[in-house]
Every structure is written in C-alpha cells, then in structure tokens.
Amino acid sequence: DGGITQSPKYLFRKEGQNVTLSCEQNLNHDAMYWYRQDPGQGLRLIYYSQIVNDFQKGDIAEGYSVSREKKESFPLTVTSAQKNPTAFYLCASSIFRTGESNYGYTFGSGTRLTVV
Amino acid sequence: AQRVTQPEKLLSVFKGAPVELKCNYSYSGSPELFWYVQYSRQRLQLLLRHISRESIKGFTADLNKGETSFHLKKPFAQEEDSAMYYCALSADSGGSNYKLTFGKGTLLTVNP
C-alpha cells in the first residue's frame, strides 16, 4: 500500500523539550515538504527537500530543523526555540523532475503537536 | 514574493445550487495553480491542476492571467462537496522548484 506515513498522530511536549515528527514515504518521490496548519492561517511551508542530503528553509523555518539522509524519510524536529509550536503538522511528497511541471503533492495524515 | 488569496473563509450553498470558490494570486511570472480539498477526517488531497484542464467530481477551474484568478466552480453542488478547499500556487513553472504557496482556505458547506 503506497503512501506517506506520519507518526505519531498526537504528540505532547513539555516546554523546553525538543521533539521529532516522523515522515516516511514509499512512493519513490524525490521531494518532501513540511507544512504547518493553523486555524485560519492555511498551510505555511517550514522546510522542503528536493533531493537527498539537501534541504531549504521555507517561510517559517525558525525553531525547526530537518534532515534528509534517505529518500524515503524527512523527519522534522521542533526545537525549544520555536515559540508557538502547538499546531497541526503536515508532511507531503512529490515527484520532482527539473524542467517538468509540478504534478502536485501527496499529503500525510498529519501530526497534532500540543505543548503542555 | 507570491501570494494566494481566498477571500471567503466560509461559503454556504444549498444542494443543487451553483458554487464558486474564489482564488486570486499575485505573482509576476507564469505560475502553476492547484486546488486541494480536505474532507472531514481525511487527508488533504489534490483536486485539480490548471495545467491539466480537467474536470474532477464536476469541478472546473480556469486560470485567468488578466485577472490573476483561478476560481473553482461547480454548476450543481452536492452535500458530499462539503469540505475545506485550498488554492495553491507553484511559482516556478520552469520546473526547478516545486514548493507550493497555499491560501488560507474556504470552508464550503452544502445544505440539503
């Protein structure tokens, strides 16, 4: 069953802690993305990676870090420097071929992070 | 920088009525536009891409470069169309960067 899997579904973090959200895909997609979804704010891009061992900051990267050591995996770490981390986090993946049109993303089911 | 505006947070129509979800964008180049939909308790999924010029579930959207709009339309709304709809823009149609900028979304409710 091909797809993109995010875990855990719910995550509770104490203030001052770092937490890591998992995102794995078996679609053989080249590119992966992390978005944050807040009520009334839509989706805002945190980080993205178009190739293994390379990633770029999105619009709201402060307080977050990522790695892309394998094509299938793109974990997101929410650090203690992120001032307002409570949100719904979405991971996505896509084919990426230079010179071709964007085919659109496949999204995971999300992780809801709450700071307690 | 690119921007996507969905002016309506909420839109309510009756079953069988036409529906139009508005999307305007600002970008000086040639963008690629998308509509995504999120049904209750389901993941966000691609509805249609302007470049495909297709109709999905009865929905169509035409890119109007003069008005910088990409409105989503359906002539006869169904109750199962009730969902959150997001318009999104990919600024680089040359294919070197696939990141998407999303609007804030419109929650469509179709009443019986």
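What you are looking at is a predicted structure, and each value in this text was computed from that prediction instead of being measured.

Trainee: What is the right way to read the environment of Leu-100 of chain B from this model?
Mentor: Its location among the elements puts Leu-100 of chain B in strand S10 (residues 100-102). A relative accessible area of 3% places Leu-100 of chain B in the buried class. Setting aside residues no more than four positions away along its own chain, Leu-100 of chain B makes contact with Tyr-35, Asn-102 and Tyr-105 of chain A together with Phe-34, Tyr-36, Ala-88, Leu-89 and Ser-90 of chain B.

Trainee: I tried to follow the interface of chain A and chain B on my own but got confused; where do I start?
Mentor: Quite often, the size of an interface is put as the accessible area lost when its parts meet. Listed per partner, the contact involves 27 residues of chain A and 21 residues of chain B. For the pairing of chain A and chain B, the buried interface totals around 2100 Å² over both sides, and the portion due to carbon and sulfur atoms is 49%. At the junction of chain A with chain B, the criterion picks out zero salt bridges. There are nine residue pairs in polar contact (both at pLDDT 80 or more) connecting chain A and chain B. Listed by contribution, the elements that provide at least two residues to the side of chain A that touches chain B are strand S4 (31-38), strand S5 (42-51) and strand S9 (87-94) of chain A. If one sorts the elements of the side of chain A that touches chain B by residue count, S5 of chain A sits on top with five residues. Across the side of chain A that touches chain B, the residue classes tally to 12 nonpolar, 13 polar and two charged.

Trainee: Would you take a moment to explain the pairing of S4 of chain A for this structure?
Mentor: Regular strands have side chains that alternate between both faces of the sheet. All names here are of chain A. With eight of its eight residues buried, S4 lies for the most part within the structure. By the alternation rule, side chains of S4 split into Ala-31, Tyr-33, Tyr-35 and Gln-37 and Met-32, Trp-34, Arg-36 and Asp-38, which are all buried. Note: S4 against S9, seven bridges, orientation antiparallel. Of the residues in S9, the one forming a bridge with Trp-34 is Cys-91. As defined by bridge partners, S4 adjoins S5 across seven bridges and the pair is classed as antiparallel. By the bridge assignment for S5, Trp-34 is matched with Tyr-47. Here S4 hands over to S5 after three residues, with Gly-40 in that stretch at a positive phi of 75°.

Trainee: Quick question: what am I supposed to make of the nonpolar core here?
Mentor: Across soluble globular proteins, nonpolar side chains have a tendency to be buried as a group. All names here are of chain B. The biggest cluster of nonpolar side chains holds 25 residues, and the ones touching the most others in it are Trp-35, Leu-72 and Tyr-85. Those elements giving two or more residues to this core turn out to be strand S2 (10-14), strand S3 (19-21), strand S5 (32-38), strand S6 (45-49), strand S9 (83-90) and strand S11 (106-111). By residue number, the principal contributor to this core is S9, which donates four residues. Look past the residues within four positions of Leu-72 in its chain and what remains in contact with it is Val-19, Glu-20, Leu-21, Trp-35, Leu-47, Leu-48, Phe-59, Thr-60, Ala-61 and Tyr-85.

Trainee: Please clarify how a nonpolar patch on the surface should be interpreted in this entry.
Mentor: Residue and element names in this part refer to chain A. Taken together, the side chains of Tyr-10, Phe-12 and Val-116 present a nonpolar region at the surface, about 390 Å² in accessible area. Summarising the element assignment, Phe-12 is placed in strand S2 (residues 10-13). Classification of Phe-12 as exposed rests on a relative accessible area of 57%.

Trainee: It is not clear to me how the layout of surface pockets should be interpreted in this structure. Could you clarify?
Mentor: Empty space among the atoms can be located by rolling a probe the size of a water molecule over them. One number sums up the size of the largest pocket: a volume of about 760 Å³. Lining the largest pocket are 32 residues, with Gln-37, Phe-88 and Arg-112 of chain A together with Gln-38 and Gln-42 of chain B positioned closest to its centre. Broken down by secondary-structure element, the contributors of at least two residues to the lining of the largest pocket are S4, S9 and strand S11 (111-115) of chain A together with S9 of chain B. In terms of residue class, the lining of the largest pocket is made up of 12 nonpolar, 12 polar and eight charged. A volume near 430 Å³ is recorded for the second largest pocket. Along its surface, the second largest pocket is lined by 19 residues, and Arg-44 and Asp-59 of chain A together with Gln-2, Thr-101 and Phe-102 of chain B are the ones closest to its centre. Secondary structure elements with two or more residues in the lining of the second largest pocket: S5 of chain A together with strand S1 (3-5) and S10 of chain B.

Procedures and definitions
Residues numbered from 1 in each chain as written. Chains lettered and ligands numbered in written order. Predicted model: local features only at pLDDT ≥ 70, side-chain atom pairs only at ≥ 80, totals over all residues. Heavy atoms only, no water. Helix = DSSP H or I, 4+ residues; strand = E, 2+ residues; numbered from the N terminus. Buried < 20%, exposed > 50% of the residue type's maximum accessible area, 1.4 Å probe, protein only. Contact = heavy atoms within 4.5 Å. Buried area = accessible area lost by both parts, 1.4 Å probe. Salt bridge = Lys/Arg side-chain N within 4 Å of Asp/Glu carboxyl O. Polar contact = N/O pair within 3.5 Å; in protein donor to acceptor, adjacent residues only side chain to side chain. Nonpolar A, V, L, I, M, F, W, Y, C, P; charged D, E, K, R; others polar. Pairing = 2+ DSSP bridges. Core = buried A, V, L, I, M, F, W, Y, C linked by side-chain atoms within 4.5 Å. Patch = residues over 30% accessible without salt bridge, like charges linked within 9 Å, V, L, I, M, F, W, Y side chains within 5 Å. Areas by Shrake-Rupley, 256 points an atom, 1.4 Å probe, with all protein chains shown as cover. 1 Å grid on protein atoms, 1.4 Å probe; cavity = no way out; pocket = protein on both sides within 12 Å on 5 of 7 lines; lining within 4 Å. Points joined across faces, edges and corners; volume = space filled by probe spheres on them.

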